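Now for the letters of each chain:
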Amino acid sequence: MEHGRSRRKTPEPEKCRDPYLRCAFHGAAQTALGVAGSALLAHSPQGCEYLVNNAFAWQACDYMEVITLCTKLCVDEIVHGGEELLERTILEAKDLPISALFVLSACGPEIVGDDIVAVCETLQPELKFRLIPIECAGFRGSQYDGIDIALDAMLKHLVNRSGEKIPNSVCLIAPHANANPTWIADLDWVKGVLAQMGIRVVATLTHRTPLAELEHAASAEASLLLSHDAGQKAADHLSAAHGIEQVCGGIPLPIGMTNTERWLTALGERFDAQKTAESMVVEGERMAMATCRRKWPMARFFYRTPAAIVADATVGIPLVRFVTEDMEMTPDLVALYTSQRSVRDLLERELDDLDLAPTVVYGTDVYRTRQALAETKPKVVFGSTIERHASEGLGVSHVVEVVKMMRQFRMIDREYFGYTGILDLFECVQNEWTMAWRSREKRYEARW
């Protein structure tokens, strides 16, 4: 019994009611599946294989070329350990025509104490391909933590320490940590820009990346991070271990007029390609303006309209300036999936520069998003299909689905980066504005 003594209550951890992000196992699978000519072995129950399948689609893998395996752990392995089953599965795969096998561990085997690193080290002499263990149980964090874990394993196991630097070269980092459902178009735009500036891409971490590219990543002169949500640890490692300078750090990714100009200018200055960068800016702005004059987008009807942005930091932070300057709306709410210090610093600098003071929610979940929408009462939301449902009954007139949309299917990749990306975003706004005029009650029937 406790008399005359106050009981100290342990503060409750911050609750997450319905997260936007998947677990670390999913993020690690996304990263490993970006290595061409390899296979992935999930040391997990078969339910976790669903996360691998989802990552398979996100990397746009060809099912005729990429192999995934699973140990399909059951009760005995989860209680008594599954190292024997893991050994047997790896040996059964020894004749596969691959250059590397990534072994990913899920929550169950890590809790029971399976040592996948020791198993891989023991079996490596018997195999022709490389074994890369990645300890990425889902409880280690979000999918962005999983991407960082997998990139760390790849850099430490695969990248050669020796090798001369290649002048005017870069290593691209984490292009897949991007909520644009067709992010591959963003990556292609970046590669096109680099080619025009005469900059060589030594390795991409990761998307259709041959193992040989990964091994020579240290020969890059600079690194270029293509996400605000994941990959910064990889850029820091490349800098510390291999002397690779990070470029375009600390500025938003090239979404919208100003962000694109700023990003291209910084890239041109670093690689002595200022004239090429200036030419790309002039031509890009001319193309975007000429297209808008001919197509008449409805952006003018949203002047000073209160808006909300709910997205990852990679798309969400650059959208703040796009919504403010290019759409001439007023952002009243910015809700981001992540909450790292680098994300907070970057967003705060953007808001100070634009003289904005919206409500900001870091590490949001669906419940907190709905609460914030109810409090700020925006008329337009830039987000996903989730916000379309979460904003019902709150007076939101338009939900522009630009990230992780579920009710739309896209066969063709479409970028948000660069000047064509601006037109793609305008098109999303235009289509949402048009669809809002359709009656929800009256049904139209064809008469022919």
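Here is what the cut-offs are and how they apply
Residues numbered from 1 in each chain as written. Predicted model: local features only at pLDDT ≥ 70, side-chain atom pairs only at ≥ 80, totals over all residues. Heavy atoms only, no water. Helix = DSSP H or I, 4+ residues; strand = E, 2+ residues; numbered from the N terminus. Rg over C-alpha atoms; globule rule 2.2 N^0.38 Å. Buried < 20%, exposed > 50% of the residue type's maximum accessible area, 1.4 Å probe, protein only. Contact = heavy atoms within 4.5 Å. Areas by Shrake-Rupley, 256 points an atom, 1.4 Å probe, with all protein chains shown as cover. Lys, Arg positive; Asp, Glu negative; His and termini not counted. Charge placed at Lys NZ, Arg CZ, Asp CG, Glu CD. Pairing = 2+ DSSP bridges. Axes fitted to C-alpha atoms, helices over the stretch in contact; angles between N-to-C directions. Phe/Tyr/Trp six-rings, centres within 6.5 Å; stacked < 30°, edge-to-face > 60°. Parallel < 35°, antiparallel > 145°, perpendicular 65-115°, else oblique.

(A) Main features of the overall build of the chain. Of regular secondary structure, the chain possesses 17 helices and 13 strands. Its C-alpha atoms give the chain a radius of gyration of 24 Å, near enough to 22 Å, the size a compact globule of 448 residues would have. In terms of overall dimensions, the chain has C-alpha extents of about 70 × 70 × 65 Å along its principal axes. Counting every position in the chain, which comprises 448 residues, the buried fraction comes to 53%. Excluding contacts between residues fewer than 6 apart, the proportion of contacts in the chain whose partners are at least 24 apart in sequence is 76%. With the model as given, the accessible surface of the chain reaches about 21,800 Å², and the carbon-plus-sulfur share is 50%. The average position of the 47 basic charges and that of the 61 acidic charges among the side chains of the chain differ by 7 Å.

(B) Molecular detail of the sheet that holds strand β2 (residues 67–70). As summarised here, the arrangement of the 4 strands in space is β2-β1-β3-β4, forming an open sheet in which the pairing is parallel. Across the chains shown, the open sheet's two edge strands, defined by having one partner strand only, are β2 and β4 (130–135). The average angle at which neighbouring strand axes cross in this sheet is 20°, direction not considered. Relative to β2, strand β1 (residues 38–43) runs parallel, the two being bridged by 4 bridges. Directly across from A42, in β2, lies its bridge partner C70. Running at roughly 170° to β2, helix α2 (residues 49–58) makes contact with β1 and β2 of the sheet. Packed onto the sheet, helix α6 (residues 116–123) meets β1, β3 (100–105) and β4 and runs at close to 175° relative to β4.

(C) Looking closely at the sheet that holds strand β9 (residues 306–311). Sheet architecture is open: 5 strands sit in the order β11-β10-β9-β12-β13, paired in parallel fashion. Looking at strand neighbours, the two that pair on one side only are β11 (359–361) and β13 (398–401), the edges of this open sheet. Pairs of neighbouring strands in the sheet enclose a mean axial angle of 15°, with direction left out of account. Summarising the sheet, strand β12 (residues 380–383) and β13 pair through 4 bridges and their orientation is parallel. Bridging from a neighbouring strand, F382 pairs with V400 of β13. Contacts from helix α15 (residues 366–376) reach β9, β10 (330–336), β11 and β12 within the one sheet, and its direction differs from that of β10 by about 165°.

(D) Spotlight on the packing of aromatic side chains. Counting across every chain of the model gives 5 aromatic pairs. Where W189 meets W263, the ring centres are 5.8 Å apart and the plane angle is 40°; that geometry is what we call tilted. Placement of the pair is W189 in helix α8 (residues 183–196) and W263 in helix α11 (residues 257–270), with a sequence separation of 74 residues. Each member of the pair, W189 as well as W263, is classed as buried. Here the aromatic rings of W189 and F417 are separated by 6.3 Å at their centres, their planes lie at 80°, and the arrangement is edge-to-face. With W189 in helix α8 and F417 in the loop between β13 and α17 (418–435), the pair connects residues that are 228 residues apart, well separated along the chain. Comparing W189 with F417 shows no difference in burial state: the two are buried.

(E) Highlighting the packing of helix α13 (residues 313–326) against α17. At their nearest, the axes of α13 and α17 sit 13 Å apart, and the two run at 75° to each other. Put simply, α13 runs roughly perpendicular to α17. Judged by residue contacts, L319, F322 and D326 of α13 engage I422, L425 and F426 from α17.

(F) Inspection of the environment of A177 at higher detail. Tracing the backbone shows A177 in the loop between β5 (169–173) and α8. A177 sits 33 residues away from Y144 along the chain, and the two C-alpha atoms are 7.2 Å apart. Setting aside residues up to four positions removed in sequence, A177 forms contacts with Y144, I147, S227, D229, A230, D312 and T314.

Geometric values such as these leave the question of function open.
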